[in-house]
Each structure stands twice: as structure tokens, then as C-alpha cells.
Amino acid sequence: MRFRHPDGSTVHLAYCTNVHPAETLEGVRAQLRDHCEPVRRRLGRDRLGIGLWLAKDAARALINDLAALRSLRAELDHRGLEVVTLNGFPYEGFGAQEVKYRVYTPDWTDPERLAHTTDLARLLAALLPDDVTEGTISTLPIAWRTPYADDPTAAGTAQKALTALAQRLDALAELNGKSIRIGLEPEPGCTVETTADAIGPLTAVGHDRIGICVDTCHLATSFEDPDTALDALHAAGVPVAKAQLSAALHAEHPHLPEVRAALGAFAEPRFLHQTRTLTSAGLRGTDDLDEAVSGGGLPDSTPWRSHFHVPLHAPPAPPLTSTLPVLQSVLNRLVGGPAPLTRHLEVETYTWQALPAELRPRTRTQLADGIAAELTLARDLLVDLGLKELP
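What comes next concerns the included structure. Please read these numbers as outputs of a predicted model, since none were measured by experiment.

What follows concerns the overall build of the protein. Within the protein, the secondary structure is distributed over 13 helices and 15 strands. The C-alpha atoms of the protein give 20 Å as radius of gyration, which agrees with the globular expectation for 391 residues (21 Å, within 12%). Within the protein, the fraction of its 391 residues that count as buried is 60%. Within the protein, residue pairs in contact and separated by at least 24 positions form 79% of the contacts whose partners lie at least 6 positions apart. Summing over all exposed atoms, the protein offers an accessible surface of approximately 14900 Å²; the carbon and sulfur share of this is 51%. Computed over 37 positive and 50 negative side-chain charges, the inter-centroid distance for the protein is 6 Å.

Moving on: the environment of Leu-359. Position of Leu-359 relative to the elements: it lies in the loop between strand 14 (344–347) and helix 13 (364–384). Among the residues examined, Leu-359 registers a relative accessible area of 43% and is labelled partly exposed. On a C-alpha basis, the gap between Leu-359 and Val-11 in space is 32 Å, while along the polypeptide they are 348 residues apart.

One finds Leu-13, Tyr-15, Trp-108 and Leu-375 to be the most contacted residues of the largest nonpolar core, which totals 121 residues. Excluding residues that lie within four positions of it along the chain, Tyr-15 makes contacts with His-20, His-35, Cys-36, Val-39, Leu-48, Gly-49, Ile-50, Gly-51, Glu-346, Val-347, Ile-371 and Leu-375.

Now for the layout of surface pockets. The volume enclosed by the largest pocket comes to roughly 220 Å³. Here the residues of the lining of the largest pocket sort into 4 nonpolar, 5 polar and 5 charged.

Going through the model one piece at a time under the given rule, you end up with 4 cavities of 30 Å³ or more. Computed from the structure, the largest cavity encloses a volume of approximately 170 Å³. Around the largest cavity, the lining comprises 19 residues; the ones closest to its centre are Phe-94, Val-103, Glu-187, His-307 and Tyr-350. Its residues assigned to classes, the lining of the largest cavity comprises 9 nonpolar, 5 polar and 5 charged.

This part covers the packing of aromatic side chains. Following the criterion strictly, the structure yields 8 aromatic pairs and no others. Ring plane angle 65° and centroid distance 5.3 Å describe the contact between Phe-94 and Tyr-350, whose orientation is recorded as edge-to-face. Pair noted here: Phe-94 is in the loop between strand 4 (81–87) and helix 4 (111–127) and Tyr-350 is in the loop between strand 14 and helix 13, with a separation of 256 residues, a long-range link. For the pair formed by Phe-94 and Tyr-350, the shared burial category is buried. Among the aromatic side chains, those forming a connected cluster through ring pairs are Trp-53, Phe-94, Phe-271 and Tyr-350. The ring of Phe-223 carries the charged tip of Arg-305 above its face, separated from the ring centre by 4.4 Å.

Our next topic: the pattern of salt bridges. Across all of its chains, the model carries 29 salt bridges by this definition. With a closest N to O distance of 2.7 Å, Arg-41 and Glu-37 form a salt bridge. Taken together, the positions of Arg-41 and Glu-37, both in helix 1 (residues 25–43) and 4 residues apart, correspond to about one turn of that helix. For Glu-37, a relative accessible area of 9% puts it in the buried group. Note that Arg-379 and Glu-389 form a salt bridge whose closest N and O atoms lie 3.9 Å from each other. In this pair, Arg-379 sits in helix 13 while Glu-389 sits in strand 15 (residues 388–389), placing the two residues 10 residues apart along the sequence. Overlapping salt bridges, with partners in common, bring together Glu-26, Arg-29, Glu-37, Arg-40, Arg-41, Glu-75 and Arg-79 in one network.

Before going further, it helps to examine the sheet that holds strand 12 (residues 304–310). The sheet built from 5 strands is open, its strands ordered 11-10-12-9-13 with antiparallel pairing. Where the open sheet ends on each side, the last strands, each with one partner, are strand 11 (282–286) and strand 13 (320–322). The mean angle between the axes of side-by-side strands here comes to 30°, regardless of whether they run parallel or antiparallel.

Moving on, we get to helix 7 (residues 195–205). All of the buried residues in helix 7 are Thr-195, Ala-198, Ile-199, Leu-202 and Val-205. One side of helix 7 carries all its buried residues, which in axial view fall inside an arc of 130°. Summarising the contacts, the buried residues of helix 7 are in contact with helix 6 (154–176), strand 6 (179–184), strand 7 (210–215), helix 8 (216–221) and helix 9 (226–236). Directly beyond the C-terminal end of helix 7, a positive phi value near 65° is found at Gly-206.

The next subject is the environment of Gly-296. Here Gly-296 shows up in the loop between helix 11 (289–293) and strand 12. In the structure, Gly-296 is positioned 10 residues away from Thr-286 in sequence and 7.2 Å away in space, judged by C-alpha atoms. Residues contacting Gly-296, with those up to four places away along its chain left out, are Thr-286 and Glu-291.

Reading guide: rules and limits
- Residues numbered from 1 in each chain as written.
- Predicted model: local features only at pLDDT ≥ 70, side-chain atom pairs only at ≥ 80, totals over all residues.
- Heavy atoms only, no water.
- Helix = DSSP H or I, 4+ residues; strand = E, 2+ residues; numbered from the N terminus.
- Rg over C-alpha atoms; globule rule 2.2 N^0.38 Å.
- Buried < 20%, exposed > 50% of the residue type's maximum accessible area, 1.4 Å probe, protein only.
- Contact = heavy atoms within 4.5 Å.
- Areas by Shrake-Rupley, 256 points an atom, 1.4 Å probe, with all protein chains shown as cover.
- Lys, Arg positive; Asp, Glu negative; His and termini not counted.
- Charge placed at Lys NZ, Arg CZ, Asp CG, Glu CD.
- Core = buried A, V, L, I, M, F, W, Y, C linked by side-chain atoms within 4.5 Å.
- 1 Å grid on protein atoms, 1.4 Å probe; cavity = no way out; pocket = protein on both sides within 12 Å on 5 of 7 lines; lining within 4 Å.
- Points joined across faces, edges and corners; volume = space filled by probe spheres on them.
- Nonpolar A, V, L, I, M, F, W, Y, C, P; charged D, E, K, R; others polar.
- Phe/Tyr/Trp six-rings, centres within 6.5 Å; stacked < 30°, edge-to-face > 60°.
- Lys NZ or Arg CZ within 6 Å of the ring centre and 35° of its normal.
- Salt bridge = Lys/Arg side-chain N within 4 Å of Asp/Glu carboxyl O.
- Pairing = 2+ DSSP bridges.
- Axes fitted to C-alpha atoms, helices over the stretch in contact; angles between N-to-C directions.
- Arc of directions from axis to C-beta.

What follows is the structure, encoded as C-alpha cells:
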């Protein structure tokens, strides 16, 4: 979906296909047919943006077969889909029954992360619509905090990899005129947990092709104030490559038994749901929701937030809620001003099938309806900020 900002520029809205995980090229094609095109039809649009997720094997297959890449581009056109952004965070195995800590490997100290992200940049440059010259890729925030924090060489290794990536992106732009930018995506528990944590590593790289991806679920889980976060990024000269529109799980009174019980229904074995609370002594947290609920030492006199991507249009029932107001505040700063701070927005709710059983979609139709409803809410927020939806 495309929108005209009051300054005349185009802002793109997509949804991320990691909600339909596929490891192979054939699986990606099935996503387009079985999920993405039906969402577009529900929205009544001739064209729908998708934030494509290409796992290692699918990406490598396309790199090694230019005919297959051209065929994928043609299929996107045929199904009324366009790609201006990729989710490069998960490497493989995102559809596994247990993902948890595996999603953080390989990290930016491993040469394979650089190789994979380079492949993604080349593929995105080839998949961009003819009238679009800039693409973005979100990636993991360097590494999970352990064992990275105990390795004195890790920071330097990661910086060298990101610097090498920036140089490759420069060469790619010179070769084909397509500008690809990368956004580190701060996430609780990682070495770059907050936007403030991102400033040091990104200014050390010092290249405008390497910036930040602001995920509004992650920002809210860490109790970051949107204005403070975005002001600090601007002051440091760190560009916002893209933003992921998502909402976290919020519990105002976690000391109450009924609230603990409601939170417990969201604890599940597939994804990691880091949980945080902001106390007078600072941010405290656990690596997963079940640890917090079962008495993992997290103070319960202040609200809890958990890294569980709640569908934007469907907050959980009381006594829980979502952090949608944080998303609205971030969106207002990103695109509500005289010029957009980023032109790539992506709804990223990949936890539909991890919701409590009574809230999960049971059919493809129900899932498509839910994703379409999320995009409709995001569209309405953009229109309320003065952007005009384009055909």
C-alpha cells in the first residue's frame, strides 16, 4: 500500500510474511498464492506491499538461479504484490516448533550473517518495483547478549562486518542505481536492546546505509519514551531505515492473581517473550514470559510488558491490554511531521499462531481476515495523520 505524504513523497506500508514461514523457494511461492494475494483481495486493492522474509535456502536458490529470480518478480506482479522491504532478522527455522534463542544466530560476529545479508540486498535490488529506487532490510541487533558480552573481540568483529556491508551496498548502488539500506532492530535481551544502545555501534560504523529499524513492540517492551528515543537518534545522526508497526502485551497490575493467570495463557513454547518492568531502580526483566509469571524475581509493583506481538486491531481482553498507544505516538513522530523520518512501514505480527488457543485463526480465511484488519487499522492511522492513500 502506498501513501502520499503532505511533503509529496511516497510512504510504503506492507505486512511481513514471516507470519507464513517458509524455508524454500516453493514455500515462498505458496505464501504469495495462499496468503498474500487473498489479503490483497480482502482489502480491495490492486496492489499490496509485502515485507518478504527469505530464509537462507530460499535466498540462496534465487541467488544461484537468475531465471527463478525473474520468475518470482513476475509472479509478484501477477498477484498484485510489491516488495520494497525484507525482514532479514530470522535466518532459518522460523517455522520450527521451538524457535526461542535460535532466531539470534548467526549473529554479526559470524561471516555467514554478512554473506546472507549481502544476498538479501542483491535480491531486493532485483525485486524492487520499476518506479522505486530505495529498499530496506531489517536485521538482528548485532547479537544476543551472551556469549557476545564475554568476548572482547566481538564488538570489533561486528563493526567490521557492518562496515563491509555498507561498502557492498555502495557498490550495489553504483552498479544498478538501487539504494538498499539496513536497519538494526533493537530487541530486549540483545546486545542492542534499546534505541539508545544502537547509537554507539551505528555511529561507530558511520555510514548512512546502516541505520535502525524501530519496532514499536520492542520499544514499548523496554518502556522507551518515543519522543526521547527518536530525538536521541536524530541528534546522533542515526537514520531510521524502516519501522515495524507492532504492539506488545501490557499488564498494569501484575501482582493480581487474575492478571498472572491471564498472562500465563500467552506463555508458549515457540517464541521468546522477553518481559520487562520499569522500576525506580531502572529496567528489570526476564528472558521469557513463563519465567516472569512463575515467580522469576521480576518486581510486580509496577506494570509489566512482554515481547508478544499482539494483533494491532485486537487487544487482549481485560485485565490485559496492548501497547497500541505507543505505536501511535511513534507513528506520529515518524510520518506526522513536515517530512517523514522513514518511508518504509511494516506491520509485523508473526505470533498469530502462538496466541492462546481460543484467539488463534483456525483457517487461512480467518488469518487473512485478521491481517487485513491489521493493515486497515494502520491505514486509518496514516490517513488520520494527513497521508493520502494511493491507488
